[in-house]
Amino acid sequence: MNSKDSIEAFNKLKDRAWIGDSDAQFSLGHHYRRGICVPKNLVESTTWFREAAEQGHAEAQIITAYCYMMGEGVAYDLAQAVHWWRKAAEQGHPQALGRMGVCFERGEGVKRDPIEAYAYYKLASMKIELHPLTFANLDDTMSSDEIAVGKMRTKELLKEINAKIAVRRAGK
């Protein structure tokens, strides 16, 4: 693609983003984040990621969460980061499930809750490989009764997530 074609493609992408296409908004966020066809601009990048995130784009929700966690393009706001990780986790996104496990294990942006951490980690581990110490750390601090409750909570959380996914799919 030559420079003229790239700019034309970028302008079409921007038009789609402006009319609400979440995939285009997500892509535009990457363009601004990396400085593709435009000067690098983290504020503009985060704005477009958040636009897509607000429409339920799970990958955009993850990136928006990290932007808030790192203070990239927005002020640092751990509560907002957790909000967006939770939104992506509600769609079953494995990275978000794992990150919510971290939040609950450490009490980052939420009240510390090892049972909830266990449930989120367990669901994440069904989709991606987690570091072997993830459960070892919890197993060292949780009683066998708490682990049993964590296993029950995992099943409940899975049902909650699946119900939200079903509602989302029915609405499309």
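Given the structure is predicted, the values throughout are model-derived calculations rather than measurements. (Residues numbered from 1 in each chain as written. Predicted model: local features only at pLDDT ≥ 70, side-chain atom pairs only at ≥ 80, totals over all residues. Heavy atoms only, no water.)

Caption draft 1: Representation of unusual backbone geometry in the model. Despite not being glycine, Cys37 shows a phi value in the positive range, around 70°. In this fold, Cys37 is placed in the loop between helix H2 (22-34) and helix H3 (42-54). By relative accessible area, which is 39% here, Cys37 ends up partly exposed. (Helix = DSSP H or I, 4+ residues; strand = E, 2+ residues; numbered from the N terminus. Buried < 20%, exposed > 50% of the residue type's maximum accessible area, 1.4 Å probe, protein only.)

Caption draft 2: Seen up close, the packing of aromatic side chains. Applying the stated criterion across every chain, the model contains five aromatic pairs. Each ring, one from Phe10 and one from Tyr32, has its centre 6.3 Å from the other, and the planes form 70°; the classification is edge-to-face. Of this pair, Phe10 sits in helix H1 (residues 3-18) while Tyr32 sits in helix H2; the two residues are 22 residues apart in sequence, bridging distant segments of the chain. Like Phe10, the residue Tyr32 is buried in the burial classification. Relative to Trp85, the ring of Tyr66 lies with its centre 5.4 Å away and its plane at 85°, an arrangement referred to as edge-to-face. Of this pair, Tyr66 sits in helix H4 (residues 58-70) while Trp85 sits in helix H5 (residues 78-89); the two residues are 19 residues apart in sequence, bridging distant segments of the chain. Overall, Trp85 belongs to the buried group, its relative accessible area being 0%. (Phe/Tyr/Trp six-rings, centres within 6.5 Å; stacked < 30°, edge-to-face > 60°.)

Caption draft 3: Local environment of the packing of H4 against H5. At a minimum axis distance of 8 Å, the contact between H4 and H5 shows a crossing angle of 165°. Considering their axes alone, H4 and H5 lie roughly antiparallel with respect to each other. Of the two possible hands of crossing, H4 and H5 adopt the one that is left-handed. Between H4, through Ala58, Gln61, Ile62, Thr64, Ala65, Tyr66, Tyr68 and Met69, and H5, the contact on the second element is made entirely by Gln80, Ala81, Trp84, Trp85, Lys87 and Ala88. When its residues are assigned to classes, the contact of H4 with H5 shows 10 nonpolar, three polar and one charged. (Axes fitted to C-alpha atoms, helices over the stretch in contact; angles between N-to-C directions. Parallel < 35°, antiparallel > 145°, perpendicular 65-115°, else oblique. Left-handed = near helix turned anticlockwise from the far one by under 90°. Contact = heavy atoms within 4.5 Å. Nonpolar A, V, L, I, M, F, W, Y, C, P; charged D, E, K, R; others polar.)

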